[in-house]
Amino acid sequence: MKPLRIALTKGRLEKDTVALFETIGFDCEAVKNKGRKLILPVGEHLEVVLAKAADVITYVEHGVCDLGVVGKDTIMEYGTSFYEVLDLGFGRCRFALAAPKGSDFFSGYASKTIATKYPNVARNYFESKAMDIRFIKIEGSVELAPLLGLSDAIVDIVETGSTLRENGLEVVETVCDISARLIVNTASLKLRKAEIEELVAQMEQATQEK
Ligand code: PRP
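None of the values given here were measured: they were computed from a predicted structure. (Residues numbered from 1 in each chain as written. Predicted model: local features only at pLDDT ≥ 70, side-chain atom pairs only at ≥ 80, totals over all residues. Heavy atoms only, no water.)

## Looking at the overall build of the protein
Next up, step 1: Helices and strands together make up the secondary structure of the protein, namely nine helices and eleven strands.
Next up, step 2: Overall, the C-alpha framework of the protein stretches about 60 × 30 × 30 Å when taken along its three principal axes.
Next up, step 3: For the protein, buried positions account for 43% of its 210 residues.
Next up, step 4: Considering only contacts within the protein whose residues lie at least 6 apart along the sequence, 67% involve residues at least 24 apart.
Next up, step 5: Computed over 26 positive and 31 negative side-chain charges, the separation of the two mean positions in the protein equals 3 Å. (Helix = DSSP H or I, 4+ residues; strand = E, 2+ residues; numbered from the N terminus. Buried < 20%, exposed > 50% of the residue type's maximum accessible area, 1.4 Å probe, protein only. Contact = heavy atoms within 4.5 Å. Lys, Arg positive; Asp, Glu negative; His and termini not counted. Charge placed at Lys NZ, Arg CZ, Asp CG, Glu CD.)

Structure, rendered in structure tokens:
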């Protein structure tokens, strides 16, 4: 039978997932010596696809990959039509609202501007707050926006907090916690139920052992 195909988010989540596969006992040599190759075997029953986070969701939603490993941040921004089956426990960080130190973001009635790489997450977060907010999409180094006077605050990922600290910003509120998740295509879960359930169980156990 053809191997199950799993899309991994390139970079840190990829490395953490490979470490998890090694805990299970899968042969990961091909991925570890991958060069520029993007599709690689892991053991005999699994094929790894290396992709950018949002593309992991696209490949799983379209069913060209059976499973995927992606951050909860990307899931919240881009995706819903798949099963999220496991919190892998790594890639931990949080979404936060952050503003220049001492700026008192919630004071006053004037409309506020938020810069973010995650407009859907930011919009959902502010929906319940009954505030007049304008959102501006930024592609990276979002912390620049309030420093340059483009926005009053940002909604962004905070891991260690160093980027905020070193740029004179501070967390106003945590929006939610983030970690890596295992996702499964809905049709694959029906068609290859036994294989997928076995892999999920192995990954779950390895997650607990780590
Ligand atoms: C992320 C995030 C913050 C930073 C947070 O950016 O957007 O800028 O990491 O990490 P810290 O709290 O440990 O400082 P990333 O490095 O992924 O690049 P980007 O800004 O280009 O998106």
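## Notes on the sheet that holds strand β5 (residues 83-87)
Next up, step 1: Ordered by their spatial adjacency, six strands build an open sheet running β2-β3-β1-β4-β11-β5, and the pairing between neighbours is mixed. Whereas interior strands pair on both sides, the edge strands pair on one side only; in this sheet they are β2 (39-42) and β5. If you compare each strand with its neighbour and ignore which way they point, the axes differ by 30° on average.
Next up, step 2: The pairing of β5 with strand β11 (residues 180-184) spans four bridges and is antiparallel. Note on β11: the bridge partner recorded for L86 is L182.
Next up, step 3: Its contacts with the sheet put helix α1 (residues 12-24) on β1 (4-9), β2, β3 (46-51), β4 (67-71) and β11, and the angle it makes with β1 is roughly 135°.
Next up, step 4: The sheet contacts of helix α3 (residues 53-61) involve β1, β3, β4 and β11, and relative to β4 the element is tilted by about 150°. (Pairing = 2+ DSSP bridges. Axes fitted to C-alpha atoms, helices over the stretch in contact; angles between N-to-C directions.)

## Observations regarding the environment of E29
Next up, step 1: Tracing the backbone shows E29 in helix α2 (residues 29-32).
Next up, step 2: Accessibility expressed as a relative area gives 43% for E29, which makes it partly exposed.
Next up, step 3: Along the backbone, E29 and I136 are 107 residues apart, and their C-alpha atoms lie at a distance of 43 Å.

## Remarks on the pattern of salt bridges
Next up, step 1: Tallying each qualifying case throughout the model produces twelve salt bridges.
Next up, step 2: The closest approach of N and O atoms between R12 and E159, which form a salt bridge, is 2.8 Å. Here R12 is found in helix α1, whereas its partner E159 is found in the loop between β9 (153-158) and α7 (162-166), with 147 residues between them in sequence.
Next up, step 3: Judged by relative accessible area, which is 46%, R12 ranks as partly exposed.
Next up, step 4: Overlapping salt bridges, with partners in common, bring together K72, E84, D87 and R181 in one network. (Salt bridge = Lys/Arg side-chain N within 4 Å of Asp/Glu carboxyl O.)

## Thoughts on the site of the ligand
Next up, step 1: Around the ligand, the neighbouring residues are K117, G140, S141, E143, D156, I157, V158, E159, T160, G161, S162 and T163.
Next up, step 2: For the ligand, an oxygen atom lies 2.5 Å from a polar atom in the side chain of K117.
Next up, step 3: Here T160 contributes a side-chain N or O atom positioned 2.5 Å from an oxygen atom of the ligand.
Next up, step 4: When the ligand sits alone it has 490 Å² of accessible area, and the protein chains cover 66% of it.
Next up, step 5: Here the residues of the shell around the ligand are counted per class, giving two nonpolar, six polar and four charged. (Near = heavy atom within 4 Å. Polar contact = N/O pair within 3.5 Å; in protein donor to acceptor, adjacent residues only side chain to side chain. Areas by Shrake-Rupley, 256 points an atom, 1.4 Å probe, with all protein chains shown as cover. Nonpolar A, V, L, I, M, F, W, Y, C, P; charged D, E, K, R; others polar.)

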